[in-house]
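Examining the three-dimensional arrangement
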Amino acid sequence: MKNFIFPKGTVILTNEEQEKRICGVAHVEMNPLYLAKSACEIKAAQLIATKQVTRMSVLGIAQEIFAHACAYYASSTIIALGVDSSKVNEIKSRANPIDIADGGDSVNRKAIYRLIWQVTPSIISQI
């Protein structure tokens, strides 16, 4: 078999990217309400109840929403709390809308979401 040449502009996806394209993805519009962990938990429960997101816990979804909101509205605060600035900026660049895929994000991103959840107060003020 000859070497296959992909058409110009074709992007080769990783297995993780392929799974996200096949599985569901919820698009959550950014809202300053998501600077409160309780609002994130409510939204996460709604996403699960309406089956927009599967194979994730309420806490996992809430952490992802909260991390994106913190990065979007209060990145300097998150960085001051000790979170790596390059990771915060990466999350911020993907914050509006927040794309929550079935099964969650990569292991590394989930770790950053958990860290932001742990080091940040339940409600932070918009800066």
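One can find the structure itself at the top, above this paragraph.
Nothing here was measured: the structure is a model prediction, and the numbers come from that model.

1. Here's the deal with the packing of aromatic side chains
The geometry of an aromatic ring pair comes down to the distance between the two centres and the angle between the two planes. Per the counting criterion, the structure on display carries two aromatic pairs. Residues phenylalanine 66 and tryptophan 117 carry aromatic rings whose centres are separated by 5.4 Å and whose planes lie at 80 degrees to one another, so their mutual orientation is edge-to-face. Taken together, the positions of phenylalanine 66 in helix H3 (residues 58–80) and tryptophan 117 in helix H5 (residues 107–119) put the pair 51 residues apart, joining distant regions of the chain. By relative accessible area, which is 0% here, phenylalanine 66 ends up buried. Overall, tryptophan 117 belongs to the buried group, its relative accessible area being 12%. Summarising the aromatic geometry, the rings of tyrosine 72 and tyrosine 73 are spaced 4.8 Å apart at their centres and angled 90 degrees between planes, so their arrangement reads as edge-to-face. You can call tyrosine 72 partly exposed: its relative accessible area is 33%. Judged by relative accessible area, which is 17%, tyrosine 73 ranks as buried. A cation sits over an aromatic face here: lysine 37 above tryptophan 117, 4.9 Å from the ring centre.

The rules behind each value
- Residues numbered from 1 in each chain as written.
- Predicted model: local features only at pLDDT ≥ 70, side-chain atom pairs only at ≥ 80, totals over all residues.
- Heavy atoms only, no water.
- Phe/Tyr/Trp six-rings, centres within 6.5 Å; stacked < 30°, edge-to-face > 60°.
- Helix = DSSP H or I, 4+ residues; strand = E, 2+ residues; numbered from the N terminus.
- Buried < 20%, exposed > 50% of the residue type's maximum accessible area, 1.4 Å probe, protein only.
- Lys NZ or Arg CZ within 6 Å of the ring centre and 35° of its normal.

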